Amino acid sequence: MDIKGKIIQKMEPVGGVSKAGNQWKKQEYVLETLDSYPKKVKFDFFGDRADQYPLEVGDIITLSYDIESREFNGRWYTDIRGFKAMKEDPAMAGAVPPAYPPAAGAPAPAPAQSGVPAPPPVDHPPFDQGGVGDDLPF
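Residues numbered from 1 in each chain as written. Predicted model: local features only at pLDDT ≥ 70, side-chain atom pairs only at ≥ 80, totals over all residues. Heavy atoms only, no water.

Regarding the overall build of the protein
The helix and strand inventory of the protein stands at one helix and six strands. Out of the 138 residues in the protein, the part that is buried amounts to 19%. Taken as a whole, the protein presents about 11100 Å² of accessible surface, with 58% of it coming from carbon and sulfur. (Helix = DSSP H or I, 4+ residues; strand = E, 2+ residues; numbered from the N terminus. Buried < 20%, exposed > 50% of the residue type's maximum accessible area, 1.4 Å probe, protein only. Areas by Shrake-Rupley, 256 points an atom, 1.4 Å probe, with all protein chains shown as cover.)

Concerning the pairing of strand β1 (residues 2-10)
With five bridges connecting them, β1 and strand β5 (residues 60-72) associate as antiparallel partners. By the bridge assignment for β5, Lys6 is matched with Ile60. Of the strand pairs in this sheet, β1 and strand β3 (residues 23-33) are connected by five bridges, and their pairing is antiparallel. By the bridge assignment for β3, Lys6 is matched with Glu32. (Pairing = 2+ DSSP bridges.)

A closer look at the pattern of salt bridges
Enumeration over the complete set of coordinates arrives at 10 salt bridges. Between Glu88 and Lys4 there is a salt bridge, with the nearest N and O atoms lying 3.3 Å from each other. Taken as a pair, Glu88 in the segment after β6 (75-87) and Lys4 in strand β1 lie far apart in primary sequence, 84 residues in all. Connected through salt bridges with shared partners, the residues Asp44, Arg70, Asp79 and Arg81 form a single ionic network. (Salt bridge = Lys/Arg side-chain N within 4 Å of Asp/Glu carboxyl O.)

Let's talk about the nonpolar core
Among the nonpolar cores identified, the biggest contains 14 residues, and Ile7, Phe43, Phe45, Leu55, Ile61, Leu63 and Ala85 are the most heavily contacted of them. If you list the elements that add at least two residues to this core, you get β1, β3, β4 (40-46) and β5. Contact partners of Ala85, with chain neighbours within four places excluded, come to Phe45, Tyr53, Leu55, Ile61, Thr62 and Leu63. (Core = buried A, V, L, I, M, F, W, Y, C linked by side-chain atoms within 4.5 Å. Contact = heavy atoms within 4.5 Å.)

Observations regarding unusual backbone geometry
If you check the backbone angles, Asn73 has positive phi at about 55° while not being a glycine. Structurally, Asn73 can be placed in the loop between β5 and β6. Residue Asn73 is classed as exposed on the basis of its relative accessible area, which comes to 64%.

Here we look at the packing of aromatic side chains
In the structure shown here, the tally under the stated rule is five aromatic pairs. Ring geometry for Phe43 versus Phe45: centroids 5.7 Å apart, planes at 90°, classification edge-to-face. We note that Phe43, like Phe45, is buried. Plain terms: the ring middles of Phe45 and Tyr53 are 5.2 Å apart, the flat faces sit at 25° to each other, and that makes the pair stacked. Overall, Phe45 belongs to the buried group, its relative accessible area being 0%. Judged by relative accessible area, which is 15%, Tyr53 ranks as buried. An aromatic cluster is defined as three or more aromatic residues linked by ring pairs; in this entry it consists of Tyr29, Phe43, Phe45 and Tyr53. (Phe/Tyr/Trp six-rings, centres within 6.5 Å; stacked < 30°, edge-to-face > 60°.)

Worth remembering: the numbers are spatial, not functional.
The following block contains the structure:
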């Protein structure tokens, strides 16, 4: 799965030695999505990937990740484990068009040039300010 966002926090790296005597390392980050309603997602890189993808606060990335859960003493824990991060150009982060219509009073977008003529404007009769043909009770 993939998610796009901005790195807002980088934690201190964590490491140690496993029961089998192997060295391990984990680097954790917090990513904030670029949606209209941003969400924060904590993820980590484990092992060699912790050094392979050095990220800094402010980086815009697309993260490829897996979700993994495990049970310990009757409780379940879920990790979001990154396996690839692609940095994006920060100037392109704002280039995504909004998914909502322009505000009232904003100019309408220009019609697309498709070679097909635009339909003529609809001719509405003028608004009657009252008078002979007014049958409204107020």
